[in-house]
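Architecture at a glance
Spelled out, the chains give:
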Amino acid sequence: MNAIYGILWLGALLKWGNWKSWRLYYPTILFYLLGDLLYQYLLSDHYPMWKYSPQGLDDTIGLTHSHVSLSIMAIKYPATVLIYLSKFPKANLVKQALFIAFWVLIFAVNESIDIKAGLIQYYNGWGFHWSLFFNLVMFLLLKLHHHRPLAAWLLSLGFIVFLWNTFDVPSTVFR
């Protein structure tokens, strides 16, 4: 399944992404990647909110949560940023809100498939509704980061503190 997702995201990138101007979006791609790397480093082993559970061929060839996460970071995240930011509507707030909702829906459908296929497990109070909320905030922050990186970093820090307190993450996750 991991390979299928990778092929789909690469196809979407080639069809809709502004990959020729990747340098314009590179800082936001790094911002996105760093957020997930921070989660992986601090929480995935000691206090996960979710973990990927490879099934079928992915499991047979020995893929783990870490392999799946790294492939998502390498393919899905850059493709998402290059499509999302390059196609973001100009000036019309209603179109912008619908565009963000569309992207939250894409990620929700992806995660729904993962849930039904047993490819993702939730822990420590996380659930699908939290993923929806998280993705809404994430897409807002990605757009903000593209134009005002410092503001996005500050709001991200506040969001991390909010999630940290909401999910009562123990300080022992700091290794």
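Residues numbered from 1 in each chain as written. Predicted model: local features only at pLDDT ≥ 70, side-chain atom pairs only at ≥ 80, totals over all residues. Heavy atoms only, no water.

This brings us to the side chain of Glu 111. Its location among the elements puts Glu 111 in helix 5 (residues 93–116). Although Glu 111 is buried, it makes no salt bridge; Lys 76 carries the closest opposite charge, 7.1 Å away. Here the side chain of Glu 111 touches Tyr 122 through a polar contact of 2.3 Å, side chain to side chain. With residues near it in sequence (within four places) discarded, Glu 111 still touches Ile 120, Tyr 122, Phe 128 and Ser 131. (Helix = DSSP H or I, 4+ residues; strand = E, 2+ residues; numbered from the N terminus. Buried < 20%, exposed > 50% of the residue type's maximum accessible area, 1.4 Å probe, protein only. Lys, Arg positive; Asp, Glu negative; His and termini not counted. Salt bridge = Lys/Arg side-chain N within 4 Å of Asp/Glu carboxyl O. Polar contact = N/O pair within 3.5 Å; in protein donor to acceptor, adjacent residues only side chain to side chain. Contact = heavy atoms within 4.5 Å.)

On the surface, a nonpolar cluster with roughly 620 Å² of combined accessible area is contributed by Leu 34, Leu 37, Leu 70, Leu 150, Trp 153 and Leu 154. Counting only elements with at least two residues in the nonpolar patch, the list comes to helix 2 (22–42) and helix 7 (149–166). In terms of residue count, the dominant contributor to the nonpolar patch is helix 7 (three residues). For Trp 153, a relative accessible area of 39% translates into the label partly exposed. (Patch = residues over 30% accessible without salt bridge, like charges linked within 9 Å, V, L, I, M, F, W, Y side chains within 5 Å. Areas by Shrake-Rupley, 256 points an atom, 1.4 Å probe, with all protein chains shown as cover.)

The next thing to look at is helix 4 (residues 65–86). Taking 1.5 Å as the rise per residue, helix 4 with 22 residues should run 32 Å; its terminal C-alpha atoms sit 30 Å apart, in good agreement. Its maximal kink placed at Met 73, helix 4 deviates by approximately 35°. Of all 22 residues making up helix 4, 16 are buried, and the element is well covered by its neighbours. (Expected span 1.5 Å × (residues − 1). Bend = angle between axes of the 7 residues up to and from the residue.)

Our next topic: the packing of aromatic side chains. Counted by the stated rule, this structure contains 26 aromatic pairs. Taking 4.9 Å as the distance between ring centres and 85° as the angle between the ring planes, the aromatic pair formed by Phe 31 and Trp 153 counts as edge-to-face. With Phe 31 in helix 2 and Trp 153 in helix 7, this residue pair connects regions lying 122 residues apart in the sequence. Among the residues examined, Phe 31 registers a relative accessible area of 10% and is labelled buried. Taking the centre distance of 6.2 Å and the plane angle of 70° together, the rings of Trp 126 and Phe 134 count as edge-to-face. Trp 126 sits in the buried class, given a relative accessible area of 8%. The partly exposed category is assigned to Phe 134, whose relative accessible area is 26%. Directly above the ring of Phe 107 sits Lys 76, whose terminal nitrogen or CZ lies 4.2 Å from the centroid. (Phe/Tyr/Trp six-rings, centres within 6.5 Å; stacked < 30°, edge-to-face > 60°. Lys NZ or Arg CZ within 6 Å of the ring centre and 35° of its normal.)

Moving on: unusual backbone geometry. One can expect most non-glycine residues to show negative phi and most peptide bonds to be in trans. Even without a glycine there, the phi angle at Ala 91 is positive, about 65°. Checked against the element boundaries, Ala 91 lands in the loop between helix 4 and helix 5. Residue Ala 91 is classed as exposed on the basis of its relative accessible area, which comes to 74%. The phi dihedral of Asn 124 is positive, around 55°, even though this residue is not glycine.

This part covers the nonpolar core. The tendency in soluble globular proteins is for nonpolar side chains to be buried side by side. Core analysis: the biggest nonpolar cluster contains 45 residues, and Met 49, Tyr 84, Trp 103, Phe 139 and Leu 142 have the highest contact counts within it. Where this core is concerned, the elements lending two or more residues are helix 1 (2–16), helix 2, strand 1 (50–52), helix 4, helix 5, helix 6 (128–147) and helix 7. No other element matches the ten residues that helix 4 contributes to this core. Excluding anything up to four places from it in sequence, Met 49 contacts Tyr 39, Gln 121, Tyr 122, Tyr 123, Asn 124, Trp 126, Phe 167 and Val 169. (Core = buried A, V, L, I, M, F, W, Y, C linked by side-chain atoms within 4.5 Å.)

Attention now goes to the packing of helix 2 against helix 6. Where helix 2 contacts helix 6, the axes come no closer than 9 Å and their chain directions differ by 140°. Judged on the interaxial angle alone, helix 6 and helix 2 are oblique. Relative to helix 6, helix 2 is oriented so that their crossing is right-handed. Facing helix 2, whose interface residues are Leu 24, Tyr 25, Pro 27, Thr 28, Phe 31 and Tyr 32, helix 6 presents Met 138, Leu 141, Leu 142, His 145 and His 146. Residues that form the contact of helix 2 with helix 6 fall into these classes: eight nonpolar, three polar and no charged. (Axes fitted to C-alpha atoms, helices over the stretch in contact; angles between N-to-C directions. Parallel < 35°, antiparallel > 145°, perpendicular 65-115°, else oblique. Left-handed = near helix turned anticlockwise from the far one by under 90°. Nonpolar A, V, L, I, M, F, W, Y, C, P; charged D, E, K, R; others polar.)

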